[in-house]
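# Notes for the structure review
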Amino acid sequence: ITCPKDQTIDCDFVYDLNNLSKDFGSAVAYDNCQNLNIVETHVEKVTNCRVGTITRTFTVTDAGGRSASCTQTITIQALAPYTGPLATEWPQNVSMNGCGDPTSSAFSPDVLGRPVLNQGACSLVGADYADQIFNFNNPSSPACFKILRKWTVLDWCQPLDKGGYKTWSYTQEI
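These lines cover the structure that appears in this document, whether it is placed above or below. What you are looking at is a predicted structure, and each value in this text was computed from that prediction instead of being measured. (Residues numbered from 1 in each chain as written. Predicted model: local features only at pLDDT ≥ 70, side-chain atom pairs only at ≥ 80, totals over all residues. Heavy atoms only, no water.)

### So, the sheet that holds strand 5 (residues 125–135)
Here is the rule: A strand pair is defined by DSSP finding two or more bridges across the two strands. For helices the rule is a DSSP run of H or I covering at least 4 residues; for strands it is a run of E covering at least 2, with both sets numbered from the N terminus onward. Note on geometry: axes are lines fitted to C-alpha atoms, helical ones only across the stretch in contact, with angles between N-to-C directions running from 0 to 180 degrees.
Here 3 strands make up an open sheet; going across it, the order is 5-6-7 and the pairing antiparallel. The open sheet has two edge strands with one neighbour each: strand 5 and strand 7 (165–173). Adjacent strand axes in the sheet meet at a mean angle of 20 degrees when their direction is disregarded. With 11 bridges connecting them, strand 5 and strand 6 (residues 145–159) associate as antiparallel partners. The partner of I133 across the bridge, within strand 6, is I147.

Structure follows, in C-alpha coordinates:
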(Lines give C-alpha, C1' and ligand atoms only; values in the text may rest on other atoms or scores of the structure.)
Protein backbone atom coordinates (compact mmCIF):
# COMPACT_ATOMS: atom_id res chain seq x y z
CA ILE A 1 0.00 0.00 0.00
CA THR A 2 1.22 3.48 -0.85
CA CYS A 3 -0.22 6.58 0.77
CA PRO A 4 -0.48 10.02 -0.79
CA LYS A 5 2.37 12.36 0.27
CA ASP A 6 2.07 14.39 3.47
CA GLN A 7 0.86 17.92 2.78
CA THR A 8 0.90 21.33 4.42
CA ILE A 9 -1.96 23.72 3.70
CA ASP A 10 -2.98 27.19 4.78
CA CYS A 11 -5.66 27.40 7.47
CA ASP A 12 -8.09 29.16 5.13
CA PHE A 13 -8.08 26.22 2.69
CA VAL A 14 -11.61 24.77 2.47
CA TYR A 15 -11.73 20.96 2.49
CA ASP A 16 -14.49 18.40 2.84
CA LEU A 17 -13.80 16.12 5.80
CA ASN A 18 -16.15 13.57 4.23
CA ASN A 19 -14.21 13.57 0.94
CA LEU A 20 -10.54 14.18 1.75
CA SER A 21 -9.47 12.19 -1.32
CA LYS A 22 -10.75 15.01 -3.54
CA ASP A 23 -8.06 17.42 -2.32
CA PHE A 24 -5.39 15.17 -0.81
CA GLY A 25 -5.37 12.00 -2.93
CA SER A 26 -6.03 8.32 -2.24
CA ALA A 27 -3.92 5.32 -1.30
CA VAL A 28 -3.13 2.67 -3.89
CA ALA A 29 -2.47 -0.99 -3.23
CA TYR A 30 -1.25 -3.93 -5.31
CA ASP A 31 -1.53 -7.61 -4.52
CA ASN A 32 -1.61 -10.95 -6.31
CA CYS A 33 -5.16 -11.42 -5.12
CA GLN A 34 -8.02 -9.47 -6.63
CA ASN A 35 -10.74 -7.55 -4.78
CA LEU A 36 -8.55 -5.47 -2.49
CA ASN A 37 -10.50 -3.49 0.04
CA ILE A 38 -8.95 -0.16 1.13
CA VAL A 39 -10.53 1.43 4.19
CA GLU A 40 -9.75 5.02 5.17
CA THR A 41 -10.13 6.50 8.64
CA HIS A 42 -9.06 9.95 9.79
CA VAL A 43 -8.46 11.85 13.00
CA GLU A 44 -8.89 15.62 12.88
CA LYS A 45 -7.07 17.65 15.53
CA VAL A 46 -7.80 21.23 14.44
CA THR A 47 -8.22 24.17 16.84
CA ASN A 48 -10.72 27.05 16.69
CA CYS A 49 -7.93 28.94 14.92
CA ARG A 50 -8.13 26.32 12.16
CA VAL A 51 -4.59 25.01 12.70
CA GLY A 52 -3.54 21.47 13.54
CA THR A 53 -3.42 18.14 11.75
CA ILE A 54 -5.56 15.60 9.99
CA THR A 55 -4.10 12.11 10.11
CA ARG A 56 -5.47 9.74 7.50
CA THR A 57 -4.89 6.00 7.93
CA PHE A 58 -5.41 3.66 4.99
CA THR A 59 -5.68 -0.06 5.59
CA VAL A 60 -5.85 -2.61 2.79
CA THR A 61 -7.00 -6.19 3.27
CA ASP A 62 -6.69 -8.85 0.59
CA ALA A 63 -8.96 -11.84 0.00
CA GLY A 64 -6.65 -13.97 2.18
CA GLY A 65 -7.15 -11.69 5.20
CA ARG A 66 -3.66 -10.16 5.10
CA SER A 67 -3.55 -6.42 5.76
CA ALA A 68 -1.17 -3.48 5.55
CA SER A 69 -1.57 0.19 6.34
CA CYS A 70 0.01 3.60 5.86
CA THR A 71 -0.69 7.12 7.04
CA GLN A 72 -0.82 10.58 5.52
CA THR A 73 -0.51 13.69 7.67
CA ILE A 74 -2.09 16.94 6.53
CA THR A 75 -0.63 19.85 8.51
CA ILE A 76 -2.75 22.99 8.68
CA GLN A 77 -0.86 26.21 9.44
CA ALA A 78 -1.49 29.93 9.44
CA LEU A 79 0.88 30.76 6.61
CA ALA A 80 -0.10 34.47 6.67
CA PRO A 81 -1.17 35.35 10.24
CA TYR A 82 -3.13 38.49 11.11
CA THR A 83 -0.81 41.52 11.27
CA GLY A 84 -3.01 43.99 13.14
CA PRO A 85 -4.86 47.11 12.00
CA LEU A 86 -3.24 49.33 9.39
CA ALA A 87 -2.61 52.96 10.35
CA THR A 88 -5.80 54.00 8.53
CA GLU A 89 -7.87 51.37 10.37
CA TRP A 90 -7.47 52.89 13.85
CA PRO A 91 -10.08 55.48 14.89
CA GLN A 92 -9.07 59.04 14.03
CA ASN A 93 -8.23 61.68 16.61
CA VAL A 94 -11.16 64.01 17.31
CA SER A 95 -11.37 67.70 18.26
CA MET A 96 -14.65 69.21 19.44
CA ASN A 97 -15.78 72.71 20.34
CA GLY A 98 -17.46 73.44 23.64
CA CYS A 99 -17.51 71.56 26.90
CA GLY A 100 -19.56 68.59 27.78
CA ASP A 101 -19.60 65.50 29.94
CA PRO A 102 -16.68 63.30 28.83
CA THR A 103 -18.58 60.23 30.04
CA SER A 104 -21.64 60.90 27.86
CA SER A 105 -22.53 58.68 24.90
CA ALA A 106 -21.44 61.50 22.54
CA PHE A 107 -17.85 60.45 23.29
CA SER A 108 -18.39 56.69 23.00
CA PRO A 109 -16.59 54.51 20.43
CA ASP A 110 -19.94 54.00 18.70
CA VAL A 111 -19.82 57.70 17.83
CA LEU A 112 -16.09 58.41 17.62
CA GLY A 113 -14.94 55.19 15.99
CA ARG A 114 -13.51 51.75 16.60
CA PRO A 115 -10.60 49.94 14.97
CA VAL A 116 -11.39 48.12 11.73
CA LEU A 117 -10.62 44.43 12.28
CA ASN A 118 -9.93 42.77 8.93
CA GLN A 119 -9.20 39.35 10.33
CA GLY A 120 -8.98 36.26 8.20
CA ALA A 121 -10.39 32.79 8.65
CA CYS A 122 -7.42 31.83 10.83
CA SER A 123 -7.72 34.54 13.49
CA LEU A 124 -9.82 35.24 16.55
CA VAL A 125 -9.42 38.99 16.91
CA GLY A 126 -10.99 41.28 19.49
CA ALA A 127 -10.60 44.92 20.52
CA ASP A 128 -11.05 46.74 23.80
CA TYR A 129 -10.18 50.18 25.14
CA ALA A 130 -9.46 52.07 28.34
CA ASP A 131 -10.08 55.81 28.73
CA GLN A 132 -7.97 58.27 30.68
CA ILE A 133 -9.97 61.48 31.21
CA PHE A 134 -8.13 64.69 32.03
CA ASN A 135 -10.25 67.65 33.21
CA PHE A 136 -8.69 71.11 32.90
CA ASN A 137 -9.32 73.80 35.52
CA ASN A 138 -7.74 76.70 33.64
CA PRO A 139 -10.59 79.14 32.83
CA SER A 140 -8.49 80.89 30.15
CA SER A 141 -7.95 77.63 28.24
CA PRO A 142 -10.37 76.70 25.43
CA ALA A 143 -10.05 73.04 26.45
CA CYS A 144 -12.33 71.59 29.14
CA PHE A 145 -11.02 68.03 29.04
CA LYS A 146 -8.99 65.56 27.03
CA ILE A 147 -9.61 61.85 26.65
CA LEU A 148 -6.77 59.50 25.82
CA ARG A 149 -8.45 56.31 24.61
CA LYS A 150 -5.96 53.45 24.52
CA TRP A 151 -7.09 50.74 22.09
CA THR A 152 -5.75 47.21 22.31
CA VAL A 153 -6.35 44.61 19.60
CA LEU A 154 -5.60 40.98 20.43
CA ASP A 155 -5.41 37.83 18.31
CA TRP A 156 -6.09 34.70 20.37
CA CYS A 157 -4.62 32.62 17.53
CA GLN A 158 -1.13 34.02 18.09
CA PRO A 159 -0.03 32.90 21.56
CA LEU A 160 3.32 34.20 22.79
CA ASP A 161 6.05 31.86 24.05
CA LYS A 162 6.07 33.45 27.52
CA GLY A 163 2.29 33.62 27.88
CA GLY A 164 -0.31 36.03 26.60
CA TYR A 165 -1.20 36.77 22.99
CA LYS A 166 -0.04 39.02 20.17
CA THR A 167 -1.45 42.53 20.63
CA TRP A 168 -1.40 45.90 18.87
CA SER A 169 -2.02 49.24 20.63
CA TYR A 170 -3.00 52.73 19.60
CA THR A 171 -3.96 55.87 21.55
CA GLN A 172 -6.79 57.96 20.15
CA GLU A 173 -6.88 61.60 21.31
CA ILE A 174 -10.26 63.20 21.94
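### Section: the side chain of D155
Defined as follows: Each residue gets one of three labels from its accessible area relative to the maximum for its type: buried under 20%, exposed over 50%, partly exposed in between, using a 1.4 Å probe on protein chains only. Counting rule applied: Lys, Arg positive; Asp, Glu negative; His and chain ends not counted. By salt bridge we mean one thing: a side-chain nitrogen of Lys or Arg within 4 Å of a carboxyl oxygen of Asp or Glu. N or O atoms within 3.5 Å of each other form a polar contact, as long as, within protein, one can give a hydrogen and the other can take it, and as long as residues adjacent in sequence are counted only when both atoms are side-chain atoms. Residue contacts are counted whenever heavy atoms from the two residues lie within 4.5 Å of one another.
Relative to the helices and strands, D155 resides in strand 6. Notably, D155 is buried but unbridged: the nearest opposite-charge side chain belongs to K166, and the N-O separation is 9.6 Å. Here the side chain of D155 touches L124 through a polar contact of 3.2 Å, landing on its backbone nitrogen. A polar contact of 2.9 Å, which involves the side chain of D155, links it to the backbone nitrogen of C157. In this view, D155 contacts Y82, S123, L124, V125, Y165, K166 and W168; residues no more than four positions away in its chain are not counted.

### Notes on the pattern of salt bridges
Summed over the entire model, instances satisfying the criterion amount to 6 salt bridges. Across the pair K22 and D23 runs a salt bridge whose closest N-O atoms are separated by 3.6 Å. Judged by its relative accessible area of 60%, K22 falls in the exposed class. In this structure, R149 and D131 form a salt bridge, with 2.7 Å as the shortest nitrogen-oxygen distance. Residue R149 is located in strand 6, and its partner D131 is located in strand 5; the two are separated by 18 residues in the primary sequence. Judged by relative accessible area, R149 falls into the buried class, the value being 1%. Owing to a relative accessible area of 33%, D131 belongs among the partly exposed residues under this scheme.

### What to know about the side chain of D62
Relative to the helices and strands, D62 resides in the loop between strand 3 (52–61) and strand 4 (67–77). Polar side-chain contacts of D62 include one of 2.9 Å to the backbone nitrogen of G64.

### Some points on the sheet that holds strand 1 (residues 7–10)
Strand order in this open sheet of 4 strands is 1-4-3-2, and the pairing throughout is mixed. The sheet is open, and its two borders are formed by strand 1 and strand 2 (37–46), each paired with just one other strand. In this sheet, neighbouring strand axes are inclined to one another by 20 degrees on average, regardless of whether the strands run parallel or antiparallel. In the sheet, strand 2 pairs with strand 3 via 10 bridges, with the strands oriented antiparallel. Paired with T41 across the bridge in strand 3 is T57.

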